[in-house]
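# A closer look at the structure
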Amino acid sequence: MVYRRTPAVQARLDAQRALIVQGATAVLSRDGFAGLSMAAVAAEAGIATGTVYKQFENKAALVSAVFEKVVAREVAAVRAAVAEGDVMQRVSAAVETFAGRALKNPRLAYVLLAEPVDAAVDVQRLEFRRAFTASFEAAITHGVAEGALPPQDSHLSAAALVGAIGEVLVGPLATAPPAESVVPGLVAFAVRALGARPESL
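It should be emphasised that the depicted structure is a prediction, and the values quoted were computed from it without experimental measurement.

## Things to note about the overall build of the protein chain
Looking only at helices and strands, one finds nine helices and zero strands in the protein chain. Secondary structure elements of the protein chain, listed N to C terminal, follow the sequence α-α-α-α-α-α-α-α-α. Within the protein chain, the proportion of its 201 residues that are buried is 43%. In the protein chain, 67% of the contacts between residues at least 6 apart in sequence involve partners at least 24 apart.

Structure below.
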């Protein structure tokens, strides 16, 4: 007979997994990918190292789970930011949310954006960028439709902005504390790059 987990057992395992992911997020925020180990995560979560291995086969699988959770949260924040307003409000909100949230947790953001990681995690990093690109693309498409931005390939412009912002943040994120002018400077750059019309500023 095939063993079926009871709802109570599944709930316990899910809670345990969430605790491990939370612990791994804390370690990544403090020590980065290079400082992450299954033992360090176990110590952070207050559980045995073997328990971590029961939930995650290896370090790459664990980091992938962290990426999935954190990226979903960050993408949701950017999507909410670009949902309303005119083009300048949407573009500014997208940049401020993306960059501002990264600078609030620079070590974790550096892991998400640039720190050398396993190849499997790199695949998720690309998905991370694509999700952000889609949010920026929505704001740009809205601006073009309104006539506040000149006609352009919204997807290409969005990808270019996400790449540029990520590149700029790599420096500040790697050498904290960042300059206070970073986010305003990125907003100004985005406005110029997209060719916002004077009347929309």
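Additional details are given in the paragraphs that follow.
## Quick look at the packing of aromatic side chains
What the rule picks out here adds up to three aromatic pairs. Between the aromatic rings of Phe 98 and Phe 136, the centroid separation amounts to 6.1 Å while the plane-to-plane angle is 70°, which identifies the pairing as edge-to-face. In this pair, Phe 98 sits in helix H5 (residues 87–104) while Phe 136 sits in helix H7 (residues 119–146), placing the two residues 38 residues apart along the sequence. For Phe 136, a relative accessible area of 2% gives the class buried. An aromatic cluster is built from Phe 98, Phe 128, Phe 132 and Phe 136, whose rings are joined through pairwise contacts.

## Topic: the packing of helix H1 (residues 7–31) against helix H6 (residues 106–113)
It is at 6 Å that the axes of H1 and H6 come closest, and there the two elements cross at 95°. Comparing the axis directions of H1 and H6 gives the class roughly perpendicular. From H1, Thr 25, Leu 28, Ser 29, Arg 30 and Asp 31 reach across to H6, where they touch Arg 107, Leu 108 and Val 111. The residue inventory of the contact of H1 with H6, partitioned by class, reads three nonpolar, two polar and three charged.

## With respect to H7
The end-to-end C-alpha distance of H7 is 41 Å, a good match for the 40 Å that 28 residues give at a rise of 1.5 Å each. Every buried residue of H7 is accounted for by Val 121, Arg 125, Phe 128, Ala 131, Phe 132, Thr 133, Ser 135, Phe 136, Ala 139, Ile 140 and Gly 143. Within two residues after H7, Gly 147 carries a phi angle of roughly 90°, on the positive side.

## Overview of the nonpolar core
Leu 62, Val 95, Phe 98, Phe 136, Ile 165 and Leu 169 are the most contacted members of the largest nonpolar core, which has 62 residues in total. Mapped by element, the contributors of at least two residues to this core are H1, helix H2 (38–45), helix H4 (59–81), H5, H6, H7, helix H8 (154–174) and helix H9 (182–194). The biggest single contributor to this core is H4, with 10 residues. Apart from residues no more than four positions distant in its own chain, Phe 136 is found in contact with Ala 94, Val 95, Phe 98, Ala 158, Leu 161, Val 162 and Ile 165.

## Examining the environment of Thr 25
As for its placement among the helices and strands, Thr 25 is situated in helix H1. Residue Thr 25 is classed as buried on the basis of its relative accessible area of 14%. Counting along the chain gives 18 residues from Thr 25 to Pro 7, while the straight-line C-alpha distance between them is 27 Å. Apart from residues no more than four positions distant in its own chain, Thr 25 is found in contact with Val 66, Val 70 and Leu 108.

## Examining the confidence of the model for the protein chain
Interpretation of this model should avoid reading the predicted coordinates in detail wherever pLDDT is low. Summary statistics for the protein chain give a mean pLDDT of 86 and a share of 93% for residues scoring 70 or more. Within the protein chain, H2 carries the highest mean pLDDT (94), whereas H6 carries the lowest (85).

## Quick look at the packing of H6 against H7
At a minimum axis separation of 9 Å, H6 and H7 run at an interaxial angle of 105°. Considered as vectors, H6 and H7 are oriented roughly perpendicular to each other. Note on element contacts: H7 touches H6 through Arg 125, Phe 128 and Arg 129, opposite Tyr 110, Val 111, Leu 112 and Leu 113.

Criteria and thresholds
Residues numbered from 1 in each chain as written. Predicted model: local features only at pLDDT ≥ 70, side-chain atom pairs only at ≥ 80, totals over all residues. Heavy atoms only, no water. Helix = DSSP H or I, 4+ residues; strand = E, 2+ residues; numbered from the N terminus. Buried < 20%, exposed > 50% of the residue type's maximum accessible area, 1.4 Å probe, protein only. Contact = heavy atoms within 4.5 Å. Phe/Tyr/Trp six-rings, centres within 6.5 Å; stacked < 30°, edge-to-face > 60°. Axes fitted to C-alpha atoms, helices over the stretch in contact; angles between N-to-C directions. Parallel < 35°, antiparallel > 145°, perpendicular 65-115°, else oblique. Nonpolar A, V, L, I, M, F, W, Y, C, P; charged D, E, K, R; others polar. Expected span 1.5 Å × (residues − 1). Core = buried A, V, L, I, M, F, W, Y, C linked by side-chain atoms within 4.5 Å. pLDDT = per-residue confidence, 0-100.

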